Amino acid sequence: MKYKSVFDIIGPVMIGPSSSHTAGAARIGRVARDLFGRKPDYAHISFYGSFAKTYRGHGTDVAIVGGILDFDTFDTRIVDALSLAKEQNIEIKMTEEDAITDHPNTARIVLGDEHGQIELVGISIGGGKIEITELNGFDLQLSGEHPALLIVHNDRYGAIAGVANVLAKHQINIGHMRVSRKEKGQEALMIIEVDQNVHQVLVEEIEALPIVQQVVKINE
Amino acid sequence: MFRNVAELVELAEAKNCKISDIMIEQEMEITGRTKDEIISQMDRNLKVMEEAVERGITQDVKSHSGLTGGDALLLQNYMKSGKSLSGEFMLDAVSKAIATNEVNAAMGTICATPTAGSAGVVPGVLFALKEKLNPTREQMVAFLFASGAFGFVVANNASISGAAGGCQAEVGSATGMAAAAVVELAGGTPSQSAEAMAIALKNMLGLVCDPVAGLVEVPCVKRNAMGASNAIVAADMALAGIKSRIPCDEVIDAMYKIGQTMPTALKETAQGGLAATPTARELEAKIFGIALNKK
């Protein structure tokens with residue numbers, strides 16, 4: 001089921017005018033910020049489909065930048081997000097794309113600074129609910145509504161068992177899990193949605209596993 | 001867990017409880033949160049709705065584009081003249097639906113029900129009922145759970161996105177949700193709620209999403225107004241014992257399929273319908289400061 005909670009339907013509380021184009025966009029931006037983990041120096045945003053056609057009218061531009069500034073859907077600062085980003089010296093670039101995507105409300109966000117860059121694709125599926133469909137070239141489905149761990153690791157036996165052991169030790173229950181890779185034996189990505197917030201200690205333990213390259217946690 | 005309206009009604013009848021109770025129970029089961037936590041979150045959402053309605057019917061709220069605002073206030077003043085044809089209760093619901101969407105268009109704070117573009121119908125009807133039936137705060141919160149239960153089915157089995165299914169998926173869904181919840185608050189049975197939802201949604205089928213200049217303003221605000229009135233009439237029909245010949249779940253399924261076959265120009269792209277009229281194009285050019293020949 002795409003929608004699990006009654007508050008997906010009666011909610012979110014948000015700044016208008018559109019749940020998909022404003023609240024959903026803010027959420028996609030905020031997941032990008034969470035994944036990047038710090039204030040970026042630049043944000044390059046591409047809009048597809050209905051996003052591309054109507055982003056100005058719906059405030060999709062201010063909302064997505066608001067999310068990148070770590071604002072929630074009901075944060076009234078969203079309205080001034082573009083000028084606030086300027087104040088924080090974040091370079092913003094927006095592009096309207098013509099390409100046809102699977103979902104009409106699609107945005108691609110690239111966040112970066114001198115230390116690194118992330119690229120993600122998010123879709124706004126209605127009523128403010130979003131999914132992250134792609135991260136750094138990996139296909140994934142992430143609702144952004146549960147705490148999640150994204151683990152970049154070597155595509156080798158024992159990787160899943162190693163991570164699962166650490167989670168079990170800390171009594172963390174896995175709600176949803178997916179593993180994908182670009183090529184056999186190369187870099188792979190493990191996506192684990194869990195029921196409760198995870199502590200930094202656990203992240204460090206997973207990071208210490210020889211097979212693991214990087215761990216990003218996204219908390220609720 | 002219920003997957004469709006038939007199962008929802010069956011659960012409520014088997015347990016001899018209300019639709020809203022089933023929704024609360026399911027929320028507890030899925031999230032592991034307590035009943036108190038869930039109810040107080042819904043109470044906070046109710047408060048946001050109340051503030052938006054209050055702001056819209058007392059202040060001259062204007063959107064940035066200037067396309068919408070002030071109509072809720074006009075209607076409230078007209079009601080006081082005592083000349084209204086459709087009656088004070090009906091116009092109260094309509095004006096409060098407009099109020100919410102005017103606040104939404106002005107980038108004010110609202111609660112999506114199920115979306116922001118369709119945020120007026122459910123609270124509009126609820127806050128008019130508040131004057132008419134004097135419900136307790138608890139009953140008003142229950143109204144939101146009941147409408148949420150029906151919206152939950154639509155969202156999972158069809159769509160609540162204008163970009164995916166047209167306005168029928170947004171204002172249409174909201175209208176059905178509100179109709180079903182009115183029935184519960186007015187003392188009807190769970191199956192009467194389902195009939196009301198079916199009757200209301202049937203009359204919203206095919207409704208396209210064609211926002212002028214891509215803004216959630218024209219015709220969205222007035223579609224919420226008509227949705228609120230539609231919901232009340234559908235609820236009255238169901239309470240009178242009228243049944244929908246097509247079961248509620250099949251109506252929802254029909255809505256989904258209509259949405260799939262609807263052309264992209266009519267699904268929130270501002271390329272067809274009212275958005276493509278000469279006046280709409282002029283307004284669009286004026287709002288965004290672009291020359292018409294560039295479009």
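Residues numbered from 1 in each chain as written. Chains lettered and ligands numbered in written order. Predicted model: local features only at pLDDT ≥ 70, side-chain atom pairs only at ≥ 80, totals over all residues.

A. Examining the overall build of chain B more closely. Helix and strand counts for chain B stand at 13 helices and 1 strand. Across chain B, helices and strands are ordered from the amino to the carboxyl terminus as α-α-α-α-α-β-α-α-α-α-α-α-α-α. Here the C-alpha atoms of chain B give a radius of gyration of 19 Å, agreeing with the 19 Å that 2.2 N^0.38 yields for 295 residues. Dimensions of chain B, computed from C-alpha atoms along their principal axes, come out at roughly 65 × 45 × 40 Å. For chain B, buried positions account for 57% of its 295 residues. Long-range pairs, those at least 24 residues apart, make up 76% of the contacts in chain B with a sequence separation of at least 6. (Helix = DSSP H or I, 4+ residues; strand = E, 2+ residues; numbered from the N terminus. Rg over C-alpha atoms; globule rule 2.2 N^0.38 Å. Buried ≥ 20, exposed ≤ 12 C-beta atoms within 10 Å, placed from the backbone. Contact = placed C-beta atoms within 7 Å.)

B. Highlighting helix α12 (residues 248–261) of chain B. All names here are of chain B. Spanning 14 residues, α12 covers 20 Å between terminal C-alpha atoms, matching the ideal 20 Å at 1.5 Å per step. Where α12 is concerned, the buried positions are Cys-248, Asp-249, Val-251, Ile-252, Met-255 and Gly-259. Summarising the axial view, the buried residues of α12 lie within an arc of 165°, below the 170-degree limit, and thus occupy one face. In this structure, α12 carries Lys-257, Gln-260 and Thr-261 as exposed residues pointing more than 90 degrees from its buried face. On its buried side, α12 packs onto α1 (5–14), α7 (137–157), α8 (162–165), α9 (167–185) and α10 (190–202). (Expected span 1.5 Å × (residues − 1). Arc of directions from axis to C-beta.)

C. Up close: the interface of chain B and chain A. Chain B puts 46 residues into the contact, and the matching count from chain A is 37 residues. Contributing elements (two or more residues each) for the side of chain B that touches chain A: α2 (19–31), α3 (35–58), α5 (88–105), β1 (109–111), α7 and α8 of chain B. Sorting elements by how many residues they give to the side of chain B that touches chain A places α7(B) first, with 8 residues. Considering only residue class, the side of chain B that touches chain A consists of 25 nonpolar, 18 polar and 3 charged. (Nonpolar A, V, L, I, M, F, W, Y, C, P; charged D, E, K, R; others polar.)

D. Main features of the pairing of strand β8 (residues 148–154) of chain A. Residues and elements named next belong to chain A. Burial analysis of β8 places 5 of its 7 residues in the buried class, which makes it a mostly covered element. Bridge analysis of β8 against strand β10 (residues 187–194) gives 7 bridges, and the strand direction is antiparallel. Among the inter-strand pairings, Ala-148 is bridged to a residue of β10, identified as Glu-193. The pairing of β8 with strand β11 (residues 212–218) spans 6 bridges and is classified as antiparallel. Each residue of the ladder has a partner; that of Val-152, found in β11, is Gln-214. (Pairing = 2+ DSSP bridges.)

E. Summary view of the sheet that holds strand β6 (residues 129–135) of chain A. Residue and element names in this part refer to chain A. Judged by pairing direction, the sheet is mixed, and its 6 strands sit side by side in the order β3-β2-β4-β5-β6-β7 without closing on themselves. Where the open sheet ends on each side, the last strands, each with one partner, are β3 (91–96) and β7 (138–142). Neighbour-to-neighbour, the strand axes of the sheet open up by a mean angle of 20°, direction not taken into account. With 6 bridges connecting them, strand β5 (residues 116–126) and β6 associate as antiparallel partners. Among the inter-strand pairings, Gly-122 is bridged to a residue of β6, identified as Ile-132. (Axes fitted to C-alpha atoms, helices over the stretch in contact; angles between N-to-C directions.)

F. Structural detail: the domain arrangement of chain A. Residue and element names in this part refer to chain A. Along its sequence, chain A is organised into domain 1 (6–142) and domain 2 (148–218). One C-alpha centre belongs to domain 1, the other to domain 2; they are set 26 Å apart. Only α1 (19–36) and β7 provide two or more residues apiece to the side of domain 1 that touches domain 2. In terms of residue count, β7 provides more of the side of domain 1 that touches domain 2 than any other element does, 5 residues in total. Considering only residue class, the side of domain 1 that touches domain 2 consists of 6 nonpolar, 3 polar and 2 charged. (Domains from an automatic or database assignment.)

G. Quick look at the environment of Arg33(B). All names here are of chain B. Within the secondary structure, Arg-33 sits in the loop between α2 and α3. Measuring from C-alpha to C-alpha, the distance between Arg-33 and Asn-224 comes to 33 Å, with 191 residues separating the pair along the chain. Those residues within four positions of Arg-33 in sequence are excluded, and the remaining contacts are Met-28 and Ile-38.

H. Spatial organisation of the nonpolar core. Grouped together as the largest cluster of nonpolar side chains are 166 residues, with contacts concentrated most on Val125(B), Ala178(B), Ala179(B), Val182(B), Ala196(B), Met197(B) and Ala231(B). Among the elements that take part in this core, α7(B) stands out by supplying 13 residues, more than any other. For this core, the two domains that each supply at least three residues are domain 1 (6–142) and domain 2 (148–218) of chain A. Sequence-distant contacts of Ala231(B), that is, excluding residues within four places in its chain, are made with Val121(B), Val125(B), Thr175(B), Ala178(B), Ala179(B), Val182(B) and Ala200(B). (Core = buried A, V, L, I, M, F, W, Y, C linked by C-beta atoms within 7 Å.)

I. Quick peek at the sheet that holds strand β9 (residues 174–181) of chain A. All names here are of chain A. With antiparallel pairing, 4 strands are arranged side by side in an open sheet as β9-β10-β8-β11. Bordering the open sheet on either side are β9 and β11, each of which pairs with just one other strand. Here the average twist between neighbouring strands, direction ignored, is 15°. Packing against the sheet, helix α6 (residues 200–207) makes contact with β8 and β11, and its axis sits at approximately 160° to β11.

J. Structural context of α10(B). Residues and elements named next belong to chain B. Along its 13 residues, α10 runs 18 Å from first to last C-alpha, staying within 8% of the 18 Å computed at 1.5 Å per residue. Across the 13 residues that make up α10, a large majority, 11, are buried. Among the residues of α10, Pro-190, Gln-192, Ser-193, Ala-194, Glu-195, Ala-196, Met-197, Ala-198, Ile-199, Ala-200 and Leu-201 are the ones counted as buried. On its buried face, α10 sits against α1, α2, α7, α9, α11 (220–239) and α12.

K. Seen up close, unusual backbone geometry. Residues and elements named next belong to chain A. Note that the residue after Gly-16, namely Pro-17, is joined by a cis bond; omega there is 10°. Looking at the element boundaries, Pro-17 is found in the loop between β1 (13–15) and α1. Even without being a glycine, Asn-89 presents a positive backbone phi close to 60°. Along the chain, the position of Asn-89 falls in the loop between α4 (81–87) and β3.

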